[in-house]
Amino acid sequence: MIFQKSSPLKGELTVPGDKSISHRAVMLGAISEGTTRITHFLEGADCLSTIDCFRAMGVDIRRTPSEILIHGKGLHGLTQPKSILNVGNSGTTTRLISGILAGQNFTCELTGDDSIQKRPMKRIITPLTAMGACIESIHGNGCAPLRIQGKPLNPVSYNSPVSSAQVKSCILLAGLYAEGQTSVTEPYVSRNHSELMLSAFGAQVECKDTTASVLGHPKLHGQSVDVPGDISSAAYFIAAGLLIPGSEILIKNVGINPTRDGILRVCGQMGANIQLLNERKEGLEPVADLLVTSSSLKGTVIEKGLIPTLIDELPVIAVMAAFANGTTIIRDAEELKVKESNRLDIIVHHLQAMGADVTPTEDGMMIKGGAPLHGAVLDSHLDHRIAMAFAVAGMAAEGKTEITRGECVDISYPEFYRDLTALTIL
């Protein structure tokens, strides 16, 4: 993919449905009684991997042009798959489905692509084992492929060393199969889509401070889920609209859940001109339209409890920081080392290749903004968020930027390049 300095971006768009919510709607629909209808579902590769896994366990899931229909099997209705479950590139599928599989009455294996087989799974193996689950890393390295022998589970009160919605959700889903109350306490609150959706489907959920709890053996009932637009996908258009002079973009129907809206808070700290219009709720999730106008940005500090609310947006925030006036410091972002790629190293390398003044640190980076950026040839490392973030950088920099292996955006936003290009047509 080739990008050059862009003319002003004008127009409006609706980004794809939220990836996190799409995953969870399929999973809870599959283990509920009755029919679940999902509209504005993200038709990305990761979410389709979740559908494939539950189809392999006997769940009737039908895709139409307007909705996903899931005929749930109930909490104990899944059947043993005839082959190994393949999660593709999806860390969310891997970790969340493991919590469900731990409580089944059958044994199965799951694996994924090369990237998944390098991502840390000990963070879910440890708490699931504490609940009595029988789960092992087949190669003994704490990564997929995993073998999970389902069995009755015990409740646990788990203190997680990381703030991770995937870890928390895995434990809460396993808690559905345990007698009594299962709880997870995090250092900081991570995204809470699982808690909201479990409650909507009929589970007894409690949230207090940084602890989330669920009561085992609920009766879950199918729901209608209208998935809001993914703020992680909107982030690239927010950044492009702010960085490219003369731009004004309306991004419609974006989820602004307070456990996910860190990018909006950072943009506010940086002096961005973003207006929230038509604020409302879709089910239990807050939603708004975002009016983004080009702005002169300033550096800021991003750390601690803010990090879990914008972990997926940090690559594009780093791009914004490179164009901002002053210094931006990113701390407490070690989690970026174990995403689809080592995002910390790649962000630093790619920004330096474009001429930015960036210094890596043990848990983040320091970016001295304002230096003119120029085009470069950059590898996506098959990481969709790296590809999209540096597509934006290429549109704000001088010269030509080439993103190699840019097709990886299919994981979360198959129409990304089309939508971005459409805003440049006046």
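Note that this is a predicted model, so its numbers are computed, not measured.

J.: Sorry if this is basic, but what is going on with the layout of surface pockets here?
T.: Rolling a probe over the atoms, with the probe sized like a water molecule, indicates the empty space that remains. One number sums up the size of the largest pocket: a volume of about 640 Å³. Residue lining of the largest pocket: 37 residues in total, with Ser 163, Ser 164, Ile 311, Glu 335 and Lys 339 positioned closest to the centre. Secondary structure elements with two or more residues in the lining of the largest pocket: helix H1 (19–30), helix H3 (91–101), helix H5 (165–175) and helix H11 (384–396). For the lining of the largest pocket, the element with the highest residue contribution is H1, accounting for four residues. By volume, the second largest pocket is sized at about 350 Å³. Along the wall of the second largest pocket there are 18 residues; nearest its centre are Asp 114, Ser 115, Lys 118, Glu 340 and His 381.

J.: Quick question: what am I supposed to make of the packing of aromatic side chains here?
T.: Ring pairs (aromatic) are described by centroid distance and by the angle formed between their planes. Under the definition given, this model contains six aromatic pairs. With a centroid separation of 5.8 Å and an interplanar angle of 75°, the aromatic rings of Tyr 236 and Phe 416 are classed as edge-to-face. A residue pair is termed long-range when its members are at least 10 positions apart, and Tyr 236 in helix H7 (residues 231–243) and Phe 416 in helix H12 (residues 416–422) qualify at 180 residues. Grouping residues by exposure puts Tyr 236 and Phe 416 together as buried. Among the aromatic residues, those joined into a cluster by ring pairs are Phe 3, Tyr 236, Phe 237, Tyr 413, Phe 416 and Tyr 417.

J.: Could you clarify how one ought to interpret empty space enclosed by the protein in this entry?
T.: This structure, assessed with the given rule, holds two cavities of 30 Å³ or more. Around the largest cavity, the lining residues are Arg 24, Met 27, Leu 28, Leu 96, Leu 173, Ser 194 and Leu 198. Put simply, the parts of the chain that give the lining of the largest cavity at least two residues each are H1 and helix H6 (193–201). Take the lining of the largest cavity: its biggest share by element is three residues, from H1. By residue class, the composition of the lining of the largest cavity is five nonpolar, one polar and one charged. Approximately 30 Å³ is the volume attributed to the second largest cavity. Taken together, Asp 18, Ile 21, His 193, Pro 228, Ile 231, Gly 255, Asn 257, Arg 260 and Glu 285 form the lining of the second largest cavity. The residue inventory of the lining of the second largest cavity, partitioned by class, reads three nonpolar, three polar and three charged.

J.: How should I be thinking about the sheet that holds strand S18 (residues 301–302) in this particular structure?
T.: The strands that make up a sheet pair up through hydrogen bonds in the backbone, lying either parallel or antiparallel. The strand order S18-S19-S21-S20 describes an open sheet built from four strands, whose pairing is mixed. One side of each edge strand has no neighbouring strand; the edge strands of this open sheet are S18 and strand S20 (357–361). Pairing analysis gives five bridges linking strand S19 (residues 326–330) to strand S21 (residues 364–369), with the strands arranged antiparallel. Within the sheet, the bridge partner assigned to Ile 329 lies in S21 and is Met 366.

What counts, and where the lines are drawn
Every chain begins its residue count from 1, and numbering advances along the sequence as written. Only residues with pLDDT of 70 or above have their local features reported here, since the model is predicted, and side-chain atom pairs are shown and tallied only from 80 upward, although totals for entire chains, interfaces and linings are computed over all residues. Excluded from the side-chain calculations are hydrogens and water; all other atoms, namely the structure's heavy atoms, are used. Think of a 1 Å grid over the protein atoms and nothing else: a 1.4 Å probe that fits but is trapped marks a cavity, an open set flanked by protein within 12 Å on at least five of seven lines marks a pocket, and residues with an atom within 4 Å of a point count as lining. Grid points are joined across faces, edges and corners, and a volume is the space filled by probe spheres set on the points. Where helices and strands are cited, they refer to DSSP runs of H or I of at least four residues and of E of at least two residues respectively, numbered from the N terminus. Stacked, tilted and edge-to-face pairs are distinguished by plane angle, under 30 degrees for stacked and over 60 for edge-to-face with tilted covering the rest, among Phe, Tyr and Trp rings (Trp via its six-membered ring) whose centres lie within 6.5 Å. Partly exposed residues are those whose accessible area sits between 20% and 50% of the maximum for their type, while under 20% is buried and over 50% is exposed, using a 1.4 Å probe and protein chains only. In the scheme used here, Gly and all other residues not listed as nonpolar or charged are polar, with Ala, Val, Leu, Ile, Met, Phe, Trp, Tyr, Cys and Pro taken as nonpolar and Asp, Glu, Lys and Arg as charged. A pair of strands counts as paired when DSSP detects no fewer than two bridges linking them.

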